[in-house]
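# Analysis of the macromolecular model
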Amino acid sequence: TVGSNRTSYLLQPWLGLYAEVMERYAPAFWGTEGVTKFVRLRMIMLVAYQAGTAACFLVGDLRRRPGVRSLLVLTGIFLAYLIAGEGTKQRPYLVYIVPLYVSLLAIWVAWLWQRRSLPRPFILAGVCALLLLHAGSNLARSECHYLASM
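The structure contained in this document is the topic of the report that follows. (Residues numbered from 1 in each chain as written. Predicted model: local features only at pLDDT ≥ 70, side-chain atom pairs only at ≥ 80, totals over all residues. Heavy atoms only, no water.)

Attention shifts here to the overall build of the chain. Of the regular secondary structure elements, the chain holds eight helices and zero strands. Each helix (α) and strand (β) of the chain, taken in turn from the N terminus, gives the series α-α-α-α-α-α-α-α. In the chain, which comprises 150 residues, the share counted as buried stands at 34%. (Helix = DSSP H or I, 4+ residues; strand = E, 2+ residues; numbered from the N terminus. Buried < 20%, exposed > 50% of the residue type's maximum accessible area, 1.4 Å probe, protein only.)

Its location among the elements puts Thr 75 in helix α6 (residues 66-85). You can call Thr 75 buried: its relative accessible area is 4%. Filtering out sequence-adjacent residues up to four positions away, Thr 75 remains in contact with Ile 97, Leu 100, Tyr 101 and Leu 104. (Contact = heavy atoms within 4.5 Å.)

Relative to the 32 Å expected for 22 residues at 1.5 Å per residue, helix α7 (residues 94-115) spans 31 Å between its end C-alpha atoms, a close match to the ideal helical length. Arg 116 lies just past α7 and shows a positive phi near 55°. (Expected span 1.5 Å × (residues − 1).)

By the secondary structure assignment, Thr 53 is in helix α4 (residues 43-58). Sequence-distant contacts of Thr 53, defined by excluding residues within four places in its chain, comprise Leu 72, Tyr 101 and Leu 104.

Let us look at the layout of surface pockets. Looking at the largest pocket, its volume works out to about 250 Å³. Every residue lining the largest pocket is listed: Met 45, Tyr 49, Val 102, Leu 105, Ala 106, Val 109, Val 127, Leu 130, Leu 131 and His 134. Elements supplying a minimum of two residues to the lining of the largest pocket: α4, α7 and α8 (120-149). (1 Å grid on protein atoms, 1.4 Å probe; cavity = no way out; pocket = protein on both sides within 12 Å on 5 of 7 lines; lining within 4 Å. Points joined across faces, edges and corners; volume = space filled by probe spheres on them.)

Let us look at the packing of α6 against α7. The contact between α6 and α7 brings their axes to 10 Å, and the two run at 150°. Taken together, the axes of α6 and α7 are roughly antiparallel relative to one another. As α6 packs across α7, the resulting crossing turns out to be left-handed. Residues Val 68, Leu 71, Leu 72, Leu 74, Thr 75, Phe 78, Leu 79 and Leu 82 of α6 form the contact with α7, whose own contacting residues are Tyr 96, Ile 97, Leu 100, Tyr 101, Ser 103, Leu 104 and Ile 107. Class assignment of the residues belonging to the contact of α6 with α7 gives a composition of 13 nonpolar, two polar and no charged. (Axes fitted to C-alpha atoms, helices over the stretch in contact; angles between N-to-C directions. Parallel < 35°, antiparallel > 145°, perpendicular 65-115°, else oblique. Left-handed = near helix turned anticlockwise from the far one by under 90°. Nonpolar A, V, L, I, M, F, W, Y, C, P; charged D, E, K, R; others polar.)

Looking now at the nonpolar core. One finds Tyr 25, Phe 29, Tyr 49, Leu 94 and Ile 97 to be the most contacted residues of the largest nonpolar core, which totals 14 residues. Elements with a minimum of two residues in this core: α2 (13-30), α4 and α7. Formed by ten residues, the second largest nonpolar core is a distinct cluster that contains Leu 62, Leu 71, Leu 72 and Leu 112. (Core = buried A, V, L, I, M, F, W, Y, C linked by side-chain atoms within 4.5 Å.)

This part is about the environment of Pro 99. Relative to the elements of secondary structure, Pro 99 occurs in helix α7. Judged by its relative accessible area of 43%, Pro 99 is partly exposed. With 50 residues separating them along the chain, Pro 99 and Tyr 49 place their C-alpha atoms 9.6 Å apart.

For the coordinates displayed, the defined rule picks out two aromatic pairs. Both rings, one in Tyr 25 and one in Tyr 101, keep their centres 6.5 Å apart while their planes meet at 40°; by these two values the pair is tilted. With Tyr 25 in helix α2 and Tyr 101 in helix α7, this residue pair connects regions lying 76 residues apart in the sequence. Judged on exposure class, the residue Tyr 25 and its partner Tyr 101 are both buried. (Phe/Tyr/Trp six-rings, centres within 6.5 Å; stacked < 30°, edge-to-face > 60°.)

Set out below in structure tokens:
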């Protein structure tokens, strides 16, 4: 039945993590049957979100900032709930955590920009590529659904 795995994920969080990746993130970012290969490039966005989150957690200069620390704690709480507490693994619940990932990615990119850790044209190219990928994959996804409905 729907939601029957809720307590099992509390007792075995590694199963919850596996289910989280395979049942929620993979369909949302990799796509399902019938999507174009371009839409599958959305996985790059997920990797970027996770890189930004990891950088904010691992870089002491960022982690010590009170606002960043609050975002990291909130992200951890949401992620723990989605992994262990929310057993249905429905994709609409991503609306709660993806903005936190995007915020942490933006903080990391701004930190890289200010510190000039990477040449600014590379940072700008990466941000533009992510924006184009997001817009293009949404357009391709909506076109797939439109053509499938004809």
